[in-house]
Amino acid sequence: MSGSFTADWLALREPYDHAARNAGLAEQLRAWAAPRATLEVVDLGAGLGSNLRWLAPRLGVVQRWRLVENDPFLVTLGTSRFPEASYVMADLHRDLEEVLSGPLDVVTSSALIDLVSRAWLERLIAIAAARGCALLIALTYDGSIELWPADPLDGLLVEWLNRHQRRDKGFGPALGPTASAVLLGLLAALEGEIRRSASPWLLTPTDAALQSALVTGWAQAATEVAPDDAEAIAGWRERRLLWITEGRSSMRVGHEDLLWLPPG
Ligand SMILES: C[S@@+](CC[C@H](N)C(=O)[O-])C[C@H]1O[C@@H](n2cnc3c(N)ncnc32)[C@H](O)[C@@H]1O
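In this report, the structure presented in the accompanying data block is examined.

**Re the overall build of the chain**
- Tallying secondary structure elements over the chain gives 10 helices and 8 strands in all.
- Whereas a compact globule of 264 residues would reach a radius of gyration of roughly 18 Å, the chain reaches 19 Å, a difference of no more than 12%.
- The dimensions of the chain, computed from C-alpha atoms along their principal axes, are 55 × 35 × 35 Å.
- Split into buried and exposed, the 264 residues of the chain put 40% on the buried side.
- Counted over contacts in the chain with a minimum sequence separation of 6, partners at least 24 positions apart contribute 78%.

**With respect to the packing of helix 6 (residues 118-131) against helix 8 (residues 179-188)**
- Between helix 6 and helix 8, the shortest axis-to-axis distance is 10 Å and the interhelical angle comes to 40°. The hand of the helix 6/helix 8 crossing is right-handed. Together, Arg118, Leu121, Glu122 and Ile125 of helix 6 and Val182, Leu183, Leu186 and Leu187 of helix 8 make up the contact between the two elements.
- Per-class residue counts for the contact of helix 6 with helix 8 are 6 nonpolar, no polar and 2 charged.

**A few points about the site of the ligand**
- Close to the ligand lie 22 residues, the nearest being Gly45, Gly47, Ser50, Asn70 and Leu92.
- When residues of the shell around the ligand are traced back to their parent elements, those giving at least two are helix 1 (7-20), helix 3 (50-59), strand 2 (62-69) and helix 5 (92-99).
- Its residues assigned to classes, the shell around the ligand shows 9 nonpolar, 9 polar and 4 charged.

**Quick word on helix 9 (residues 208-225)**
- For helix 9, which comprises 18 residues, the first-to-last C-alpha distance of 26 Å matches the rise-based estimate of 26 Å (1.5 Å per residue) to within 8%.
- Those residues of helix 9 that sit buried are Gln211, Leu214, Val215, Trp218, Ala219 and Ala222. All buried residues of helix 9 project into a common sector of 130° when viewed along the axis, lining one side.
- Where helix 9 is buried, its residues touch helix 7 (154-165), strand 7 (201-203), helix 10 (230-245) and strand 8 (250-261).

Calculation criteria
Residues numbered from 1 in each chain as written. Predicted model: local features only at pLDDT ≥ 70, side-chain atom pairs only at ≥ 80, totals over all residues. Helix = DSSP H or I, 4+ residues; strand = E, 2+ residues; numbered from the N terminus. Rg over C-alpha atoms; globule rule 2.2 N^0.38 Å. Buried ≥ 20, exposed ≤ 12 C-beta atoms within 10 Å, placed from the backbone. Contact = placed C-beta atoms within 7 Å. Axes fitted to C-alpha atoms, helices over the stretch in contact; angles between N-to-C directions. Left-handed = near helix turned anticlockwise from the far one by under 90°. Nonpolar A, V, L, I, M, F, W, Y, C, P; charged D, E, K, R; others polar. Near = placed C-beta within 6 Å. Expected span 1.5 Å × (residues − 1). Arc of directions from axis to C-beta.

In short, geometric facts, not functional conclusions.
Put into structure tokens, the structure is as follows:
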């Protein structure tokens, strides 16, 4: 049994994540990595290894990856499907310093840091600064969702969802849509080079499976935040699911990618 991030959900989102990511940041990381004989990469909250599949072919040097994940089901499945991936089973909240204590050139994550707290992000940045490793933090949800056709409940729904995103996801109070801004603020206090880029999902009517999964999940999260409005939320979900079935629905879900290269 998987935890809250199921294997099906990770597989469904992977092609959209790959299409959304900014190749320019990977290119810049590749140039930084070029002088190294072997690049030691740690992927935090690796799931089934989507980040490795997107990033590894773009780095152009010999690499050794460690994929940190705390869901035993995802670790077992990821290892059986992708024997080249080397998993470390650990709880990032408890064990961050330990999992980053070995050889380290790059710390990366995708779709992770909106789950974490400010205190946890401060720990991560302190390690990156002390070790002089690069950070590539991809696909951080930025709180913006645009939906077509428009529905009168859209604004409130996104507000409820974004409130749900701030709930504790195992790291203390989650940063949710504020994660990118907090990350930027912490890194701006350091020397080094920062590059950011928008990496939204742009979903057209043919992307019905992902759109349906999103609408269903968002409605569930909104209902947990606003149980008194459960009936209105169910109506919103049914209208949107119908538009998806009719091939009339499009969406933009905002994310951001960020690269930090240490000084020197
Ligand atoms: C949104 S998923 C992203 C997975 C993967 N990076 C991807 O892009 O497909 C977040 C991942 O973080 C993992 N995760 C959440 N909390 C964790 C923790 N405390 N320690 C380790 N992994 C964690 C989840 O199990 C899940 O696989």
